[in-house]
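# Observations on the three-dimensional arrangement
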Amino acid sequence: ATTTIPLSRNSISNTKPFPKSLKTTHRPSTHRQAIALISDHGDPAAVIGKEEAGGQNVYVRQVGEALAKLGWQVDLFTRKRHPDEPMIVQHSPHCRTIRLKAGAETHIPRDRLFPEMPAFVEAFLKFQAKEGTNYPLIHTNYWMSAWVGLQLKQRMNVQLVHTYHSLGAVKYQSVSDRPAIADTRLAIERQILEQGDCVVATSPQEVEHLRSLVSSKGMIEVIPCGTDIQTFHLMPKEEARAKLGLPHDEQVVLYVGRFDPRKGIETLVRAFAQLKESDNSQKLRLLIVGGSDPDAVDGQERSRIEALVRDCGLGAVTQFVGQVGHDRLPLYYTAADVCVIPSHYEPFGLVAIEAMACGTPVVASDVGGLKFTVVQGETGWLVPPQNVGAFAEAISFALNDPLAVTKMREQASLRVQQNFSWNGVAIQLSDLYRRLLARSLSHKSFMPSSPFIPAPASLAVAEMAKA
Ligand code: UDP
């Protein structure tokens, strides 16, 4: 197949509106270069904010749609999780999600998914052959997709780009009992850096981690995550409060995200309790936005947080809002006086830039990508993770210094517009893809790299059986 690389940064060839999630098969047009983004568990067409669906899903979908506007034919591959899900979801004329059958068509938690990856590889190759499409560039997301990408690189001539989303080497530092799959994950995360064509780090902090904890070899480019600045932008607070039925005279503290112990919601609840205790004259409200399933692990974490809220005597002032789509989420950010991101570890943290885009100051843990996105004293405050006192103090500051907050509002929104729009991110990715493809065209000979991580059938399944 020939490689047709979109020519210029600005070749936006289709800006016509197109119905979202049109559930029909739409074959790619031949004059565009097809590229594949692989996201094993993070379905780009899924409802965001529950069942392990968070930043990775948003990233793949948004990047995919923005790349399509830049002239690529973008196919987003994920695993099919329900028999009634359509195999293909068309997001826009040149961007679609393709769900491959790999393992049982049901939700399989991330930590049990690796054994299904060989079937994913086969399903990908079968799809490619059936469509007569050739993907000369594959961008994988998360370590299991990296393994898929490395297997594909053994079998076809492909440029392999990878985004980690979460790094085992960092994650396991703060985990007391490492799962059985840890060694396999760490080995694959090293292999993709050393043998892939380029790793995309979403912050300079991630580059430091990769170099100090993973490998000194391999090419890394820093391209951040983004946000939809048409959706998340400055709006009048009073209007948002009125639309949500929230009173004007309360001070609203907001959490947005999944229910996961790593997200540190417990720290926020305890800090909020401390704040309330220190000054009972303030009318305070805590809004917790995020979906959960009572039968899944996020349901367990939500029950734990609900119990904590009751124990702290905060039941009357705390609201569990549930999952909110991006159509209404800007209202919550705008209505809030401060958005708190108390994560123990955060590779990037989309919520921070979404809140900032809406002009809401952020109080965040001084970790990972948050160190990069939140500018101390200018767009928010960074405090040590899990430090209840420090969180209480920073939230109090955000609630009681209107002058500083007014200044932050403009600065925060501007910072996101200038640095973190999905279009800007896609332009940088598009440039990277073009450079890699141009390089591969000038070195035509194809040398498969030596395999070094065994297939999960022989390795991880045995490990899991032992666990
Ligand atoms: N999110 C959402 N609805 C919710 C809760 C979260 O749309 O009810 C979205 C949120 O807007 C953000 C993503 O989920 O885009 C979370 O991404 P982040 O990087 O902050 O965290 P992750 O889930 O990747 O750990």
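Residues numbered from 1 in each chain as written. Predicted model: local features only at pLDDT ≥ 70, side-chain atom pairs only at ≥ 80, totals over all residues. Heavy atoms only, no water.

### Here's the deal with the environment of Thr 406
The test is simple: Numbering goes from the N terminus for both helices and strands, where a helix is a DSSP run of H or I of at least four residues and a strand is a run of E of at least two. Two N or O atoms form a polar contact when they lie within 3.5 Å of each other; inside protein one atom must be a possible hydrogen donor and the other a possible acceptor, and for residues adjacent in sequence the pair counts only when both atoms belong to side chains.
You can see Thr 406 is positioned in helix α14 (residues 402–419). Linking Thr 406 and Pro 361, residues 45 residues apart in sequence, is a C-alpha distance of 9.3 Å. At 2.7 Å, the side chain of Thr 406 forms a polar contact with the backbone oxygen of Pro 402.

### Here we look at the site of the ligand
Heads up, the condition is: Any residue with a heavy atom lying within 4 Å of a molecule or strand is counted as near it. Calculation of accessible area relied on Shrake-Rupley with a 1.4 Å probe; when residues are assessed, cover is drawn exclusively from the protein chains displayed. In the scheme used here, Gly and all other residues not listed as nonpolar or charged are polar, with Ala, Val, Leu, Ile, Met, Phe, Trp, Tyr, Cys and Pro taken as nonpolar and Asp, Glu, Lys and Arg as charged. The start and end points of each domain follow an automatic or database-based domain assignment.
In the vicinity of the ligand lie 21 residues, with Gly 55, Arg 258, Lys 263, Val 324 and Glu 354 positioned nearest. Between the ligand and Gly 55 there is a distance of 2.7 Å, counted from an oxygen atom to a backbone nitrogen or oxygen. Taking Arg 258, its side chain carries an N or O atom lying 2.7 Å from an oxygen atom of the ligand. About the coverage of the ligand: the protein hides 94% of its 550 Å² of free accessible area. Within the residue set of the shell around the ligand, elements represented by two or more residues are α1 (55–69) and α11 (350–357). Counting residues per element, the shell around the ligand draws most heavily on α11, which supplies 3 residues. Residue classes in the shell around the ligand are distributed as 8 nonpolar, 8 polar and 5 charged. Among the domains, domain 1 (34–226 + 422–466) and domain 2 (237–419) are the pair contributing at least three residues each to the shell around the ligand.

### Looking at the pattern of salt bridges
The condition is simple: A pair is scored as a salt bridge if a Lys or Arg side-chain nitrogen falls within 4 Å of a carboxyl oxygen belonging to Asp or Glu.
According to the stated counting rule, one finds 28 salt bridges in the structure shown. Of the charged contacts in the structure, one is a salt bridge between Glu 189 and Arg 185, with a shortest N-O distance of 3.0 Å. Linking Glu 189 with Arg 185, this pair stays in helix α5 (residues 182–195), spanning 4 residues, or about one helical turn.

### Quick word on helix α2 (residues 117–131)
Since the α-helix advances by 3.6 residues per turn, residues separated by three or four positions end up pointing in the same direction. Quick note on the threshold: Expected span of a helix, by definition, is 1.5 Å for each gap between consecutive residues, and there is one gap fewer than residues. Burial status follows relative accessibility: with a 1.4 Å probe on protein chains alone, a residue under 20% of its type maximum counts as buried, one over 50% as exposed, and anything between as partly exposed. Contact between two residues is taken to exist if any of their heavy atoms lie within 4.5 Å; hydrogens are not considered.
Relative to the 21 Å expected for 15 residues at 1.5 Å per residue, α2 spans 21 Å between its end C-alpha atoms, a close match to the ideal helical length. Considered for burial, the residues of α2 that qualify are Met 117, Phe 120, Val 121, Ala 123, Phe 124, Leu 125, Phe 127, Gln 128 and Glu 131. As for α2, its buried residues are in contact with β1 (34–39), β2 (73–79), β3 (88–92), β4 (95–100), β5 (137–141) and α3 (143–155). Just beyond α2, the residue with positive phi is Gly 132, at close to 65°.

### Digging into the nonpolar core
Selection criterion: The definition of a nonpolar core used throughout is a set of buried Ala, Val, Leu, Ile, Met, Phe, Trp, Tyr and Cys residues joined through side-chain atoms within 4.5 Å.
Judged by nonpolar contacts, the single largest core of 65 residues is most densely connected at Leu 37, Leu 67, Val 74, Leu 254, Tyr 333, Leu 429 and Tyr 433. Residue contributions to this core peak at 8 residues, all from helix α15 (residues 422–442). Looking at this core, you find at least three residues from each of domain 1 (34–226 + 422–466) and domain 2 (237–419). Discounting residues that sit within four places of it in the chain, Leu 254 has contacts with Leu 287, Val 289, Tyr 332, Tyr 333, Ala 336, Val 338, Cys 339 and Val 340. The next biggest cluster of nonpolar side chains, apart from the first, holds 47 residues, and it includes Ile 108, Met 117, Leu 150 and Met 156.

### Some words on the sheet that holds strand β9 (residues 251–256)
Basically, it comes down to this: A strand pair is defined by DSSP finding two or more bridges across the two strands. Throughout, an axis means a line fitted to C-alpha atoms (over the contacting stretch in the case of helices), and angles, computed between N-to-C directions, take values from 0 to 180 degrees.
In space, the 6 strands of this open sheet follow the order β11-β10-β9-β12-β13-β14, with parallel pairing throughout. In this open sheet, the two edge strands, each paired with only one partner strand, are β11 (318–322) and β14 (380–383). On average, each strand axis in the sheet is inclined to that of its neighbour by 20°, with strand direction left out of account. In terms of strand pairing, strand β10 (residues 284–289) meets β11 through 4 bridges, oriented parallel. Counted as the bridge partner of Val 289 is Gly 322 from β11. Its contacts with the sheet place helix α8 (residues 265–278) against β9, β10 and β12 (338–341), and it is angled at close to 170° to β10. Sheet strands touched by helix α9 (residues 297–311): β10 and β11. Its angle to β11, the strand with the most contacts, is close to 160°.

### Examining the side chain of Lys 80
Turning to its location among the elements, Lys 80 is positioned in the loop between β2 and β3. In terms of polar contacts, Lys 80 uses its side chain to reach the backbone carbonyl oxygen of Pro 83, at 3.2 Å.

### Let's talk about the packing of aromatic side chains
What counts here: Whether two aromatic rings pair depends on their centres lying within 6.5 Å, for rings of Phe, Tyr and Trp, where Trp uses its six-membered ring; planes under 30 degrees apart make the pair stacked, over 60 edge-to-face, and the rest tilted.
Here the structure, examined in full by the defined rule, presents 14 aromatic pairs. Arranged with centres 6.4 Å apart and planes meeting at 25°, the rings of Phe 259 and Phe 320 form a pair that is stacked. Taken together, the residues Phe 259 in the loop between β9 and α8 and Phe 320 in strand β11 connect sequence positions 61 residues apart. Of the two residues examined, Phe 259 and Phe 320, each falls in the buried class. The rings of Phe 77, Phe 124, Phe 127 and Tyr 135 are connected pair by pair, giving a single aromatic cluster.

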